Amino acid sequence: MMNRCGLITVQKEPVPLKSIEVELEVRDHVATVVSTLNYQNKEDKAVEAVFVFPLPGDAAVCHFSAVIGQKEIVAEVKEKQEAREEYDDALSSGQQAFLLEESEQSPDIFSMKVGGLAPGESASIRLEYVTELAVQADDGLRFCLPAVLNPRYQPQGSEGASVQVFSVPASLVPYTLCFCGRLFSPRPICKVESSCSLDPLQYLNTDQTQATVKLAAGHKFDKDVEVVIYYKDAHQPTAVVEAGQTSAETGTLMGDPVVMVSLYPEFPQSVMSSVDSCGEFVFLMDRSGSMGAPLNNKERHQTRISSARDTLLLLLKSLPMGCYFNIYSFGSSFQHIFPQSVEYSQKTMEEALKKVEEMKANLGGTEILEPLKHIYSHRCIPNHPRQLFVFTDGEVGNTKQVLDLVKKNSGSHRCFSFGIGEGASSALINGLAKEGGGHAQFITGTDRMQPKVMQSLRFALQPAVEDISVTWDLPTGVSVTVLSPPITSIFQGQRSLIYGQLTGKSSEATEGSVTVKYSLAGRPSQSQLHFSLKPAEDTGLTVHRLAARTLIRSLEMEDRELRGRQDGGMKEKVVQLSVQSGVSSCFTAFIAVNKTDGKVIQGPLVRRNVPRPKLRGGGGMSRMAMVCAAPASFGMDLNQTCVRKAVAPNKKKKGLPSYSPFRGGNLLGMFRSKQETQKEATTPKQTPRDPFMQLVSLQKASGCWTLDPHLAAALGKTREEVEKSKPATVNSEVWATILALIWLHGFKMDAKEEWELLAMKAASWLRAQNAPCVPECVDAGNALLGCSVQKDALML
């Protein structure tokens with residue numbers, strides 16, 4: 001008879017995790033996050049609690065400890081299999097143990113196991129990590145506390161096994177979240193925005209460089225906690241040198257000083273206002289079943305896929321004449337509109353838009369690897385740099401394989417990525433942009449997708465920065481080992497970070513400098529920063545841990561590239577660096593064992609899988625809340641409970657496989673896989689198109705509009721009114737185009753980021769017509785539409 005693993009209902013079984021408290025500390029653009037998870041076992045049996053949860057993909061996890069009663073047990077970093085065996089041995093001996101490990105498939109998913117929680121006992125688990133805050137296109141610094149972890153789609157035949165996620169609807173999450181933050185900046189803090197309800201910002205000093213933020217009571221777990229911080233004069237380069245750990249050996253990463261250089265290059269306005277007319281633009285759109293979900297909870301009629309269709313319309317209307325383009329869409333399989341990229345023209349644009357209108361969220365799972373391979377298999381078009389735009393809700397289980405492929409092809413393209421909705425994988429979205437030399441954007445809460453995508457298109461249309469070099473000027477006796485990957489892309493307003501380990505000492509000089517040189521549109525430019533070589537002692541190890549995380553990620557990727565070609569030397573380097581720095585990696589885990597209280601946990605341990613908030617349907621999880629992880633060959637029995645047998649002390653069973661929530665097969669029975677449950681999306685009822693999108697849809701590829709009833713309707717006029725107001729000496733296309741531009745400037749200035757590029761194309765078309773009486777047309781258009789737009793504002 002098959003072993004069976006049971007389901008546990010929210011209503012009938014207690015969950016050991018009671019509350020989560022998160023403390024955020026932001027200093028300039030670096031965040032330190034301390035999470036305290038409070039467990040309490042109210043059952044009459046000893047339990048083992050398992051919690052799978054997300055963290056930012058670039059977080060450096062650097063502390064893990066447990067407080068039982070008055071005693072604190074601090075975890076150590078050890079090689080992962082060694083840590084798992086120590087955990088199993090401790091539980092088999094009746095001891096308490098705690099294990100924290102990173103998923104081998106994706107660096108933004110962690111598993112925590114709290115083993116041996118006796119009846120009536122409480123435990124507080126403390127988890128600490130540091131991370132750099134990403135710069136948004138509007139200069140805000142974005143911090144995201146992932147509160148939502150959606151099931152990750154695991155493509156068939158991919159390496160490793162699927163991540164087990166135990167989920168419940170957000171309204172049924174049986175634990176609470178308390179979140180507060182302290183902000184410190186050398187510059188005034190202008191404002192703080194959030195996708196969640198915050199208490200009012202409290203300043204701690206008169207110059208407004210220190211403040212506190214707090215999540216308002218009653219967070220519903222229906223969204224990630226996103227905080228965007230705005231500083232005055234955000235584009236200030238900095239260089240921070242942090243002293244090494246006094247107890248660490250000189251010459252090691254933790255023993256030497258580390259410098260963190262943050263650069264914000266400023267490009268000339270003449271370059272910023274120019275737009276390249278060349279380029280190959282490839283748009284890769286997620287059409288998996290989850291893209292049929294509402295974009296946000298307030299406007300449930302607007303689905304992710306419908307917003308994506310509108311976004312593709314804006315993109316196609318904004319492309320310059322003379323470029324090349326193609327559109328791919330993917331799910332369990334992938335499709336493309338053209339066999340290969342085609343030249344942008346009225347004919348190809350209309351053909352593409354017709355296919356875009358038919359796009360639905362009906363392609364099943366989320367297999368992004370194969371379409372990427374197909375795109376990279378085509379040779380690049382000479383003198384047309386490839387720009388790849390990837391849109392996805394980020395639910396994939398093979399993140400590292402995807403990023404390895406993008407990095408392998410990074411020399412031939414730039415990749416711009418967009419994470420759509422709550423729970424999108426930060427490791428995937430940020431990793432695509434980082435490895436592809438592009439820019440990442442997240443569309444969450446009530447964000448509109450279109451302005452963020454158009455900001456990235458502006459980046460893509462700017463001339464590429466070339467010939468990037470970094471040089472260091474250090475006194476005799478001091479050398480630097482650069483720990484960061486080479487800088488491959490620089491964008492206006494975007495931060496470039498460099499970490500360097502400083503070795504040696506100088507008896508006289510107290511200062512060093514770093515210079516970044518590059519060429520932009522044929523003009524040589526450079527940025528230089530000076531830094532002190534005499535850092536203050538005992539300022540913490542935040543910079544060291546971020547530097548260690550950066551180096552660990554690079555070495556992990558190198559290990560995957562070399563796998564099978566060498567004997568694990570790279571893995572040994574990662575393990576050594578991870579243990580030395582106390583920063584997690586995919587090859588290590590945090591392990592803590594309570595060896596001193598002398599208590600022996602009696603009887604079998606009942607496993608309790610702590611559920612995550614779940615936002616989407618399709619997983620069969622609406623009634624049942626939690627499920628025990630079982631190998632793929634196991635079935636499920638609703639009347640059974642999953643029990644982990646505890647072996648009596650001194651009679652430990654050896655050679656048994658260590659349980660990992662990242663291993664094992666799929667959730668069976670009621671919990672079908674994403675591939676099995678997704679069905680073709682039904683066609684929603686057509687709603688009247690917004691006048692703005694209607695106007696955009698009528699623009700020709702050349703940039704002009706034609707005078708017809710559809711344009712008149714979009715402008716809120718009749719055809720007769722529009723034709724009657726036309727100056728006699730002007731042709732109808734010029735008149736129609738000027739009217740469209742006046743309407744955009746007069747009624748849609750709040751959406752200027754969305755239409756600015758297509759308006760520039762229209763203005764360029766008008767200038768090429770050498771049309772007479774343009775001032776007369778502008779006056780007549782203003783009179784017709786009730787506006788007062790100046791000719792200069794129209795770029796004419």
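What you see is a predicted model; the values in this text were computed from it and never measured.

Undergrad: Outline the overall build of the chain, listing residues and values.
TA: The helix and strand tally for the chain stands at 17 helices and 39 strands. Buried positions account for 58% of the 796 residues belonging to the chain. Pairs at least 24 residues apart make up 77% of the contacts formed inside the chain by residues separated by at least 6 positions. When the accessible surface of the chain is split by element, carbon and sulfur atoms take 49% of a total near 32900 Å².

Undergrad: Lay out the nonpolar core in plain terms, naming residues and giving numbers.
TA: Side chains of nonpolar character tend, in soluble globular proteins, to be buried together. Phe281, Phe283, Leu316 and Phe391 are the most contacted members of the largest nonpolar core, which has 84 residues in total. The leading source of residues in this core is helix 15 (residues 732-747), at 10 residues. Each residue touching Phe391, except ones within four places of it in the same chain, is listed here: Phe283, Leu284, Met285, Asp286, Thr311, Leu315, Phe330, Phe418, Ile420, Met449 and Val453. Listed in part, the 54 residues of the second largest apolar core include Val114, Leu117, Ile229 and Tyr264.

Undergrad: Outline the sheet that holds strand 29 (residues 465-473), supporting the account with residue identities and numerical values.
TA: Strand order in this open sheet of 3 strands is 29-32-33, and the pairing throughout is antiparallel. Lying at the two open borders of the sheet, with one neighbouring strand each, are strand 29 and strand 33 (523-532). Going across the sheet, the axis of each strand differs from the next one's by a mean of 15°, ignoring polarity. Sheet topology note: the strand 32 (residues 511-520)/strand 33 ladder contains 10 bridges and is antiparallel. By the bridge assignment, Val516 is partnered in strand 33 with Ser527.

Undergrad: Break down the sheet that holds strand 13 (residues 141-145) for me, with residues and values.
TA: Read from one edge to the other, the open sheet built from 4 strands follows the order 12-13-19-16, with strand pairing classed as antiparallel. A single partner strand is all that each edge strand has here, and the edge strands are strand 12 (134-135) and strand 16 (189-194). Pairing geometry for strand 13 and strand 19 (residues 225-231), over 5 bridges, is antiparallel. From the neighbouring strand, Leu141 faces strand 19, where its bridge partner is Ile229.

Undergrad: Give a detailed account of the environment of Val402, specifying residues and quantitative values.
TA: In this structure, Val402 sits in helix 6 (residues 399-408). Taking the C-alpha atoms as reference points, Val402 and Lys373, 29 residues apart in sequence, are found 9.5 Å from one another. Look past the residues within four positions of Val402 in its chain and what remains in contact with it is Ile368, Leu369, Leu372, Leu428 and Leu432.

Undergrad: Before we move on, could you go through helix 7 (residues 426-435) and cite the residues and values that matter?
TA: Among the 10 residues of helix 7, 8 are classified as buried, and the element is accordingly described as predominantly covered. Regarding helix 7, the residues found buried are Ser426, Ala427, Leu428, Ile429, Gly431, Leu432, Ala433 and Glu435. The inward-facing, buried residues of helix 7 abut strand 26 (386-392), helix 6, strand 27 (413-420), strand 28 (440-443) and helix 9 (542-562). Where helix 7 ends, the next residue or the one after it, Gly437, has phi of about 65°, a positive value.

Undergrad: Hey, could you go over the state of the cysteines for me, with residue numbers and the actual values?
TA: A full pass over the atoms with the stated rule returns 0 disulfides. For the unlinked cysteine Cys196, the closest cysteine sulfur is that of Cys144, found at 8.8 Å.

Undergrad: Quick rundown of the packing of aromatic side chains? Include the residues and the values.
TA: All chains considered together, the criterion is met by 13 aromatic pairs. Taken together, a centroid distance of 5.1 Å and an interplanar angle of 25° make the contact between Phe389 and Phe416 stacked. Of the two residues, Phe389 sits in strand 26 while Phe416 sits in strand 27, which places them 27 residues apart along the sequence. With respect to class, Phe389 is no different from Phe416; both count as buried. Taken together, the aromatic side chains of Phe283, Phe389, Phe391, Phe416 and Phe418 make up a single cluster linked through ring pairs. Looking at Arg27, its charged tip hangs above the ring of Phe184, at a distance of 4.2 Å from the centre.

Undergrad: Hey, could you go over the pattern of salt bridges for me, with residue numbers and the actual values?
TA: In the structure shown here, the tally under the stated rule is 23 salt bridges. Residue Arg719 pairs with Glu723 through a salt bridge whose shortest N-O separation is 2.8 Å. Taken together, the residues Arg719 and Glu723, both in helix 14 (residues 719-724) and 4 residues apart, mark about one turn of the helix. Assessed through its relative accessible area of 36%, Arg719 is described here as partly exposed. One salt-bridge network, held together by shared partners, links Lys80, Arg84, Glu101 and Glu104.

Undergrad: Which residues make up the packing of helix 15 against helix 16 (residues 752-769), and what values do they have?
TA: At a closest axis distance of 10 Å, the pairing of helix 15 and helix 16 adopts a crossing angle of 150°. Considered as vectors, helix 15 and helix 16 are oriented roughly antiparallel to each other. Helix 16 is crossed by helix 15, and the crossing has left-handed handedness. Touching Glu733, Val734, Thr737, Ile738, Leu741, Leu744 and His745 of helix 15 are Trp755, Leu758, Ala759, Ala762, Ala763, Trp765, Leu766 and Gln769, all from helix 16. Residue composition of the contact of helix 15 with helix 16, by class: 11 nonpolar, 3 polar and 1 charged.

Undergrad: An account of the side chain of Thr131 is needed here, citing residue identities and associated values.
TA: Here Thr131 lies in strand 11 (residues 122-132). At 3.0 Å, the side chain of Thr131 forms a polar contact with the side chain of Asp58. Excluding residues that lie within four positions of it along the chain, Thr131 makes contacts with His29, Val30, Ala31, Asp58, Ala59 and Leu546.

Undergrad: Got a sec to walk through the confidence of the model for the chain? Specific residues and values, please.
TA: Caution applies to low-pLDDT parts of the model: their predicted coordinates are not meant to be read in detail. Looking at the chain as a whole, its pLDDT mean stands at 81, while 81% of the residues score no less than 70. Of the regions scoring below 50 in pLDDT, residues 158-163 engages in 25 contacts with residues more than four places distant in sequence or in other chains. Every residue in residues 616-686 is under pLDDT 50, and counting partners more than four places away or in other chains gives 176 contacts.

Undergrad: How would you explain the pairing of strand 7 (residues 71-74) if you had to name every residue and give the values?
TA: Bridge analysis of strand 6 (residues 60-68) against strand 7 gives 4 bridges, and the strand direction is antiparallel. Paired with Ser65 across the bridge in strand 7 is Val74. Where strand 6 hands over to strand 7, the hairpin turn is made up of 2 residues, of which Gly69 adopts a positive phi near 65°.

Undergrad: Got a sec to walk through unusual backbone geometry? Specific residues and values, please.
TA: For Asp28, which is not glycine, the phi torsion reads 60° and is therefore positive. Within the secondary structure layout, Asp28 lies in the loop between strand 3 (17-27) and strand 4 (30-40). Within the chain, Asn383 stands out as a residue other than glycine whose phi angle is a positive 65°. Checked against the element boundaries, Asn383 lands in the loop between helix 5 (369-377) and strand 26.

Cut-offs applied
Residues numbered from 1 in each chain as written. Predicted model: local features only at pLDDT ≥ 70, side-chain atom pairs only at ≥ 80, totals over all residues. Heavy atoms only, no water. Helix = DSSP H or I, 4+ residues; strand = E, 2+ residues; numbered from the N terminus. Buried < 20%, exposed > 50% of the residue type's maximum accessible area, 1.4 Å probe, protein only. Contact = heavy atoms within 4.5 Å. Areas by Shrake-Rupley, 256 points an atom, 1.4 Å probe, with all protein chains shown as cover. Core = buried A, V, L, I, M, F, W, Y, C linked by side-chain atoms within 4.5 Å. Pairing = 2+ DSSP bridges. Axes fitted to C-alpha atoms, helices over the stretch in contact; angles between N-to-C directions. Disulfide = S-S within 2.5 Å. Phe/Tyr/Trp six-rings, centres within 6.5 Å; stacked < 30°, edge-to-face > 60°. Lys NZ or Arg CZ within 6 Å of the ring centre and 35° of its normal. Salt bridge = Lys/Arg side-chain N within 4 Å of Asp/Glu carboxyl O. Parallel < 35°, antiparallel > 145°, perpendicular 65-115°, else oblique. Left-handed = near helix turned anticlockwise from the far one by under 90°. Nonpolar A, V, L, I, M, F, W, Y, C, P; charged D, E, K, R; others polar. Polar contact = N/O pair within 3.5 Å; in protein donor to acceptor, adjacent residues only side chain to side chain. pLDDT = per-residue confidence, 0-100.

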